Every structure is written in structure tokens, then in C-alpha cells.
Amino acid sequence: GQSLEQPSEVTAVEGAIVQINCTYQTSGFYGLSWYQQHDGGAPTFLSYNALDGLEETGRFSSFLSRSDSYGYLLLQELQMKDSASYFCAVRDFEDSGAGSYQLTFGKGTKLSVIP
Amino acid sequence: ETGVTQTPRHLVMGMTNKKSLKCEQHLGHNAMYWYKQSAKKPLELMFVYNFKEQTENNSVPSRFSPECPNSSHLFLHLHTLQPEDSALYLCASSPQTGQTNNEQFFGPGTRLTVL
């Protein structure tokens, strides 16, 4: 089975940098994704790492270390609108039936950005 | 807007009612998913359809019955639900399930309350 661990809540100051960690234990692994969800909204895709290293997209960066089963999402120059829940998700392959790549999500980290 | 719509946005039903949730995607995708999101729990994958064929049923009780008449539409038929089924039900789509970089696009969800 799969399990993912991430902090339940993080608070940071506007303009600061925050790192949200994710550790995982999975039977199969094809990549780590991050999703953002505002209260009352839909999860939206932020990033995907299949290989070790850092991927940067604007103010957001995501890191993966497959040997450590660990990744993180880094948010820079925090803005009030970044207050949301952030989910890491492991992509694995379900080979029963027709077979498909699927996502297993963590419980999410609620980020609160304060002035 | 993610290109995935869900109706209704809110639903209150009794345990003896029968209702259906609808999802429609305008992205030309071939895979569609139902997730359940409960408070303090990770998103739980319920069903997966790829090219209109169900490829995954994650041990979901039979009181939940999915239907995928074409690649753009997905339904979740509900009957004799329990109060613990109250949750946010999210629909998502992706190009197909057979790709490793399988970014999923989520709808806004249906907030279901079972009395």
C-alpha cells in the first residue's frame, strides 16, 4: 500500500519563504505531484517530479529525492493568496484490470499566510 | 475554470433518497475519475474510467454506482447512503491513464450531506 506524510498546518509571513515536506512509502513510484486547493475550490496542479532534483516554476519550486522517498514544495515571496491547502501525491501504476497510472494523495498541509 | 464542471454544487439528501451527481469535461480528455474528500482525510480515489471503460473500483460500496456514457460525461448514482458518506465528491479528468505525467484537472466538487 501507499502512505504519505506531510505536516497538517504551516503558518508563514507574507513575503517569506516556506517549505512543505512530504515523505512517502509506496509499493511503486513513478513521480511526485503537488496540488493546491483553496477553501471551497478544486485542487489544481502545481508541479510534477519524476526524477531527482529541483523543478522551478515561478515562485514555486518542487524537489524530489527518490533514494530518500522525500520531496518538498518551496513557495517564495509568499502572498496572501497563497493561503490554501497543499497536497503531495504519488503516482503509481495499478496493474489490475486494464492497468493505469493513478494518484495517491497525502492528507494535505493547510498554509496560512499572515501579514 | 479548469474545464471540468460538476452539478449540483451542493446536495442534501435523506438516507432513502436516490440522486445522481454529474461531471462534464470540455478538455478532450479520455480518462475521468471520482474522488471522495472528507475532513482531515486524504482524497480517496473511488472510480477510474479510461476511454469509457471502468479500470478501477477502489472497494467502493455498491450504494455508489458510476456511469460513463462517453468520454466527456461521468455520473455517480447514489442510493441508500449513510451519514458517513457526507463529503465533498470531486470529479477529475486527464488525457488518459496510460501516461506517467498524468496531470489531473479537477472540478469544483459536489458538497453532499446525508441526513
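Refer to the structure printed above.
Let me sum up the structure you'll find in this document. Keep in mind that this is a model prediction, so the values were computed, not measured. Numbering of residues begins from 1 in every chain and follows the order in which that chain's sequence is written. Chain labels run from A onward and ligand labels from 1 onward, assigned in the order the entries are written. Confidence filtering applies because this is a predicted model: local features only for residues at pLDDT of at least 70, side-chain atom pairs given and counted only at 80 or more, and all residues used for totals across whole chains, interfaces and linings. Side-chain descriptors were evaluated using all non-hydrogen atoms of the structure, hydrogens and water having been removed beforehand.

## Structural notes on the side chain of Gln25(B)
Residue and element names in this part refer to chain B. Selection rule: Secondary structure elements follow DSSP: runs of H or I no shorter than four residues count as helices, runs of E no shorter than two count as strands, and numbering proceeds from the N terminus. Only protein chains enter the accessibility calculation, which uses a 1.4 Å probe; a residue is then buried when its area is under 20% of its type maximum, exposed when over 50%, and partly exposed in between. Residues adjacent in sequence count toward polar contacts only when both atoms are side-chain atoms; beyond that, a polar contact is any pair of N or O atoms within 3.5 Å, and within protein one must be able to donate a hydrogen and the other to accept it. By the convention used here, residues are in contact when the closest approach between their heavy atoms is within 4.5 Å.
By the element assignment, Gln-25 lies in strand β3 (residues 18-25). On the accessibility criterion, Gln-25 (3% relative accessible area) is buried. In terms of polar contacts, Gln-25 uses its side chain to reach the backbone carbonyl oxygen of Ser-71, at 2.8 Å. Ignoring sequence-local partners within four residues, the contact set of Gln-25 consists of Gly-3, Val-4, Met-32, Ser-71, Ser-72 and Ser-93.

## Some words on the sheet that holds β3(B)
Residues and elements named next belong to chain B. As a reminder, the rule being used: Only strands joined by at least two bridges in the DSSP assignment are considered to pair. Convention adopted: a line fitted to C-alpha atoms gives each axis, helices being fitted over their contacting stretch, and angles between N-to-C directions are expressed from 0 to 180 degrees.
Taken in spatial order, the four strands of this open sheet run β1-β3-β8-β7, and their pairing is antiparallel. Because the sheet does not close on itself, it has two edges, and the strands there are β1 (4-7) and β7 (64-70). Averaged over all adjacent pairs, the angle separating strand axes in this sheet is 20°, with direction ignored. Sheet analysis places β1 next to β3, joined by four bridges and oriented antiparallel. Note on β3: the bridge partner recorded for Val-4 is Gln-25.

## A short note on the state of the cysteines
Residue and element names in this part refer to chain A. The criterion, for reference: Two cysteine sulfur atoms make up a disulfide if the distance between them is within 2.5 Å.
This model, assessed by the stated rule, comprises two disulfides over all chains. Covalently, Cys-22 is tied to Cys-88 through a disulfide, its sulfur atoms 2.1 Å apart. Taking the sign of the S-S torsion, about 75° here, the bridge from Cys-22 to Cys-88 comes out right-handed. With Cys-22 in strand β3 (residues 18-25) and Cys-88 in strand β9 (residues 84-94), this pair connects stretches of sequence that are 66 residues apart.

## A look at the side chain of Thr109(A)
All names here are of chain A. With respect to the element layout, Thr-109 can be found in strand β11 (residues 109-114). A residue is classified by how much of its surface remains accessible, and Thr-109, at 0% relative accessible area, is buried. One polar contact links Thr-109 to Gln-6, side chain to side chain, over a distance of 3.0 Å. Those residues in contact with Thr-109, other than ones at most four positions away along the chain, are Gln-6, Pro-7, Ser-8, Glu-9, Val-10, Ile-20, Ala-84, Ser-85 and Tyr-86.

## Comments concerning the sheet that holds strand β1 (residues 3-5) of chain A
Residue and element names in this part refer to chain A. Taken in spatial order, the five strands line up as β1-β3-β8-β7-β6 in an open sheet, and their pairing is antiparallel. Here the strands that pair on one side only, and so sit at the sheet edges, are β1 and β6 (53-57). Between one strand and the next, the sheet's axes are offset by a mean angle of 20°, whatever the strand orientation. Pairing of strand β7 (residues 60-65) with strand β8 (residues 70-75) involves six bridges; the strand directions are antiparallel. Paired with Ser-65 across the strands is Tyr-70, a residue of β8.

## A short note on the environment of Ser93(B)
Residue and element names in this part refer to chain B. Tracing the chain through its elements places Ser-93 in strand β9 (residues 87-94). Of the residues examined, Ser-93 reaches a relative accessible area of 0% and is grouped as buried. Sequence spacing of Ser-93 and Gly-28 is 65 residues, and the spatial spacing of their C-alpha atoms is 9.3 Å. There is a polar contact of 2.8 Å between the side chain of Ser-93 and the side chain of His-29.

## Section: the interface of chain A and chain B
To be explicit about the condition: By convention, the term buried area covers the 1.4 Å-probe accessible surface removed from two parts as they join, with the contributions of both added. Put simply, a salt bridge is a Lys or Arg side-chain nitrogen that is within 4 Å of an Asp or Glu carboxyl oxygen. All residues other than Ala, Val, Leu, Ile, Met, Phe, Trp, Tyr, Cys, Pro, Asp, Glu, Lys and Arg, Gly among them, are scored as polar; the first ten of these are nonpolar and the last four charged.
Each partner contributes to the interface: chain A provides 22 residues, whereas chain B provides 26 residues. Of the roughly 1,900 Å² buried where chain A meets chain B, counting both sides, 57% is carbon and sulfur surface. Considering only the side of chain A, the residues that lose the most area to chain B are Pro43(A), Tyr101(A) and Phe105(A), jointly responsible for 28% of the buried surface there. If you look at where chain A meets chain B, you find zero salt bridges. Connecting chain A to chain B are two residue pairs in polar contact (both at pLDDT 80 or more). In terms of residue count, the dominant contributor to the side of chain A that touches chain B is strand β10 (residues 100-105) of chain A (five residues). Of the residues assigned to the side of chain A that touches chain B, the class counts are 11 nonpolar, eight polar and three charged.

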